[in-house]
Amino acid sequence: MTFSLPAASDNSGTVEVECDLLSGSSLPVGTHVVTCTATDPSDNTASSSFVVTVLRARSIPETGGDVWAGVRLGALMVAGG
């Protein structure tokens, strides 16, 4: 499964975004929650999660192209306190 890191912004500088599962990871059949956390230079954090459901493969007809699935992520906003 591949995905792009969610966008994150903050007025105090560069925001670091990390997810608890790396893009490109292989997942077994089942439902998996991926949580991404943004941290600003003041250690304020914001998190967002998305669900990935891996289904057992059935025979895929020949299409001559790649078969893929994508996940669109929302943006994270880190708010200082």
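Given the structure is predicted, the values throughout are model-derived calculations rather than measurements. (Residues numbered from 1 in each chain as written. Predicted model: local features only at pLDDT ≥ 70, side-chain atom pairs only at ≥ 80, totals over all residues. Heavy atoms only, no water.)

## So, the overall build of the protein
Helix and strand counts for the protein come out as zero helices and five strands. What you see in the protein, going N to C, is helices and strands ordered as β-β-β-β-β. Counting across all 81 residues of the protein, residues that qualify as buried make up 21%. Considering only contacts within the protein whose residues lie at least 6 apart along the sequence, 45% involve residues at least 24 apart. With an accessible surface of roughly 6000 Å², the protein has 51% of that area assigned to carbon and sulfur atoms. (Helix = DSSP H or I, 4+ residues; strand = E, 2+ residues; numbered from the N terminus. Buried < 20%, exposed > 50% of the residue type's maximum accessible area, 1.4 Å probe, protein only. Contact = heavy atoms within 4.5 Å. Areas by Shrake-Rupley, 256 points an atom, 1.4 Å probe, with all protein chains shown as cover.)

## A word on the nonpolar core
Formed by Phe3, Val15, Val17, Cys19, Val34, Cys36, Ala38, Phe50 and Val52, the largest nonpolar core amounts to nine residues. For this core, the secondary structure elements donating two or more residues are strand 2 (16-19), strand 3 (30-39) and strand 4 (45-54). At three residues, the largest contribution of residues to this core is made by strand 3. Beyond its immediate sequence surroundings of up to four residues, Val52 is in contact with Met1, Leu27, Gly30, Thr31, His32 and Val34. (Core = buried A, V, L, I, M, F, W, Y, C linked by side-chain atoms within 4.5 Å.)

## Focus: unusual backbone geometry
Of note, Asp43 is a non-glycine position whose phi angle comes to about 65°, a positive value. When you line up the elements, Asp43 lands in the loop between strand 3 and strand 4.

## Examining the sheet that holds strand 2
What holds strands together in a sheet is hydrogen bonding between their backbones, with the strands either parallel or antiparallel. Strand order in the open sheet formed by three strands is 2-3-4, with antiparallel pairing between adjacent strands. With one partner strand each, in any of the chains shown, strand 2 and strand 4 form the two edges of the open sheet. The sheet shows a mean angle of 20° between the axes of neighbouring strands, direction not considered. (Pairing = 2+ DSSP bridges. Axes fitted to C-alpha atoms, helices over the stretch in contact; angles between N-to-C directions.)

## Some points on the side chain of Ser25
Inspection of the secondary structure assignment puts Ser25 in the loop between strand 2 and strand 3. Classification of Ser25 as buried rests on a relative accessible area of 18%. A distance of 2.5 Å separates a polar side-chain atom of Ser25 from the backbone oxygen of Leu22. (Polar contact = N/O pair within 3.5 Å; in protein donor to acceptor, adjacent residues only side chain to side chain.)

## A few points about the state of the cysteines
One pass over the full model with this rule turns up one disulfide. Put simply, Cys19 and Cys36 are joined by a disulfide, and their sulfur atoms are 2.0 Å apart. Judged by the sign of its S-S torsion, about 100°, the cystine formed by Cys19 and Cys36 is right-handed. With Cys19 in strand 2 and Cys36 in strand 3, the pair connects residues that are 17 residues apart, well separated along the chain. Per residue, the accessibility class of Cys19 equals that of Cys36, and both read buried. (Disulfide = S-S within 2.5 Å.)

## A short note on the side chain of His32
Of note, His32 is situated in strand 3. According to the relative accessible area criterion, His32 is buried, its value standing at 18%. Here Pro28 takes part through its backbone oxygen, which lies 2.8 Å from a polar atom of the side chain of His32.

By themselves, these figures tell us nothing about what the structure is for.
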